[in-house]
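# A structural walkthrough
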Amino acid sequence: MSSLRTLILNNGADRRLRGGHLWIYSNEVDNKKSPLKDFTPGEQVLVEAASGKPLGIAYVNPQTLICGRIIGRDSKFRLDRSLLVHRLNIALSLREACFDSPCYRLVYGDSDGLSGLVIDRFYDVFVVQISTAGMEAVVGDIVSALNKVFMPSAIVLRCDGKMRATEGLESYVEVVQGEVPELCPLEENGVPLLAPILSGQKTGWFYDHRLARATMQRHVDSKRVLDLFSYVGGWGVQALAAGASEVTCVDSSEYALEVAIENAKLNNAADKLVTLQGDAFDACKELIQDQQKFDVIIVDPPAFIARRKDIRNGERAYGRINNLAMRLLSKNGILISASCSMHLERSRLIDIIRSNARELDRSAQVIEQGHQGPDHPIHSAIPETEYLKSITCRILPGM
């Protein structure tokens, strides 16, 4: 095994890493002693503080702002099949302790010690997302490690995320092992469901709101429910399974709504599902004009705030959609307002709900708050790994 080259940090730049963080920024590298341009994207390096103290092994990409990601603190262990098998087993032990069915996010990047890697599990089908050059360099080892630990029936590489372009990587989707159905079975909160893992968003499913969806089920029995930005019915179909009298799913994707119908059929509730294809804001305005009312409304939009500079416009968008949803609620109805925008703080989302309720002469009574599930663990030193929030409110007449 060839020796690793050394990446040397500026004086004081090791403070964050010593505190547990895993990222190295390009302005923290001593470019005189270890010029970034001399390294190859995806190359593994030994990281040293300015004092010469070893800090661990990282992989690097000189083309990106986050130019290095620590893989381990022990310089004896590189990112290879052996380390991947070890980390997969550690990740598996957490998921098996938390879930009865093997349907979950198996690997959540930095939080599982595998920065740039996401793996979602659908029974014995595994969907792999690689977003960095360092992980792309060991894709063969990733597949081999999965086979060592799980012996999957199928492995899919969904390497088509936005971050890959920043890393200088091409996008592709490839079934590297086995055969994959167009709609892949899974189970969440005891509800059988289907996910379009080859052509859907991200890995085909969003496991992160599992806990909030379980909480929602307590509020929907015999209720009329509106699921905005429904995708394939993760919220709406689980509401049907919990006894909702009728669910309306709204999404811009006709295909996603077709899958939502299949999910409703799977739960013997297709006759209670209504689908509306189009922009959620426009759909709400039309429903208001038609004087429609719903007992429970779920607002789970895509990230309106992708970057810090989007905060102002994004907060306006969250305000607009929550305002429209409140206008569609029955008296004392339940609003479940969610956000996957890391840059929107939980307290700010509550404030947006409060201010819109007051604008409509109503009062928002927060009754529950949701977080990402344990298969999306939060790295204690990396606040960016905490992104999901949901606020369940009862919207009352003004008090």
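## Considerations on the overall build of the protein
Assigned secondary structure in the protein consists of eleven helices and 19 strands. Relative to its length of 399 residues, the protein is compact, with a C-alpha radius of gyration of 23 Å against a globular reference of 21 Å. Along the first, second and third principal axes, the C-alpha set of the protein runs to 70 × 45 × 35 Å. Within the protein, contacts between residues at least 6 apart in sequence are counted, and of these 63% link residues at least 24 apart. Entry remark: accessible area of the protein is about 17,400 Å², with carbon and sulfur atoms responsible for 48%. Counting 46 positive and 49 negative side-chain charges, the protein places the averaged centre of each group 7 Å from the other.

## Observations concerning a nonpolar patch on the surface
A surface patch of nonpolar side chains, amounting to about 190 Å² of accessible area, comprises V173, V175 and L198. Tracing the backbone through its elements, the reader meets V175 in strand β10 (residues 172–177). Accessibility expressed as a relative area gives 35% for V175, which makes it partly exposed.

## A short note on the environment of R218
Within the secondary structure, R218 is located in the loop between α6 (210–216) and β13 (224–228). When the C-alpha positions of R218 and K285 are compared, they lie 28 Å apart, and in sequence the two are 67 residues distant.

## Remarks on the packing of aromatic side chains
Think of a pair of aromatic rings as described by two things: how far the centres are apart, and how the planes are tilted against each other in angle. Following the criterion strictly, the structure yields nine aromatic pairs and no others. Aromatic pair Y108 and Y387: ring centres 6.5 Å apart, planes at 45°, arrangement tilted. With Y108 in strand β6 (residues 103–108) and Y387 in the loop between β18 (362–371) and β19 (389–397), this residue pair connects regions lying 279 residues apart in the sequence. Grouping residues by exposure puts Y108 and Y387 together as buried. Here the aromatic rings of F126 and F150 are separated by 4.7 Å at their centres, their planes lie at 40°, and the arrangement is tilted. Taken together, the positions of F126 in strand β8 (residues 125–130) and F150 in the loop between α4 (139–149) and β9 (154–159) put the pair 24 residues apart, joining distant regions of the chain. The two residues F126 and F150 agree in class, both being buried. Through a chain of ring-to-ring contacts, the aromatic side chains of F229, F281, F304 and Y318 assemble into a single cluster.

## Here we look at the layout of surface pockets
By rolling a water-sized probe across the atoms, one finds the places where empty space is left. By volume, the second largest pocket is sized at about 310 Å³. Within the lining of the second largest pocket, the residues separate by chemical class into six nonpolar, one polar and six charged.

## Let's talk about the pattern of salt bridges
All chains considered together, the criterion is met by 18 salt bridges. Close ionic contact of D112 with R95 constitutes a salt bridge, the shortest N to O distance being 2.8 Å. Of this pair, D112 sits in the loop between β6 and β7 (117–122) while R95 sits in helix α2 (residues 81–98), and the two are 17 residues apart along the sequence. With respect to burial, D112 and R95 carry one shared label: buried. In this structure, R348 and E315 form a salt bridge, with 3.1 Å as the shortest nitrogen-oxygen distance. Note that R348 is positioned in helix α11 (residues 346–359) and E315 in helix α10 (residues 311–327), a separation of 33 residues in sequence. Where salt bridges share partners, they join E315, R348, D351 and R354 into one cluster.

## Side note on the sheet that holds strand β5 (residues 66–72)
The strand order across the open sheet formed by five strands is β1-β3-β4-β5-β2, and the pairing between neighbours is mixed. Strand pairing shows two members of the sheet lacking a second neighbour, β1 (5–8) and β2 (23–25), which therefore form its edges. Each strand axis lies, on average, 40° off the axis of its neighbour in the sheet, ignoring direction. When strand β4 (residues 54–60) meets β5, the two strands line up antiparallel, connected through four bridges. Considered in β5, the bridge of A58 is made with I70.

Scoring rules and cut-offs
Residues numbered from 1 in each chain as written. Predicted model: local features only at pLDDT ≥ 70, side-chain atom pairs only at ≥ 80, totals over all residues. Heavy atoms only, no water. Helix = DSSP H or I, 4+ residues; strand = E, 2+ residues; numbered from the N terminus. Rg over C-alpha atoms; globule rule 2.2 N^0.38 Å. Contact = heavy atoms within 4.5 Å. Areas by Shrake-Rupley, 256 points an atom, 1.4 Å probe, with all protein chains shown as cover. Lys, Arg positive; Asp, Glu negative; His and termini not counted. Charge placed at Lys NZ, Arg CZ, Asp CG, Glu CD. Patch = residues over 30% accessible without salt bridge, like charges linked within 9 Å, V, L, I, M, F, W, Y side chains within 5 Å. Salt bridge = Lys/Arg side-chain N within 4 Å of Asp/Glu carboxyl O. Buried < 20%, exposed > 50% of the residue type's maximum accessible area, 1.4 Å probe, protein only. Phe/Tyr/Trp six-rings, centres within 6.5 Å; stacked < 30°, edge-to-face > 60°. 1 Å grid on protein atoms, 1.4 Å probe; cavity = no way out; pocket = protein on both sides within 12 Å on 5 of 7 lines; lining within 4 Å. Points joined across faces, edges and corners; volume = space filled by probe spheres on them. Nonpolar A, V, L, I, M, F, W, Y, C, P; charged D, E, K, R; others polar. Pairing = 2+ DSSP bridges. Axes fitted to C-alpha atoms, helices over the stretch in contact; angles between N-to-C directions.

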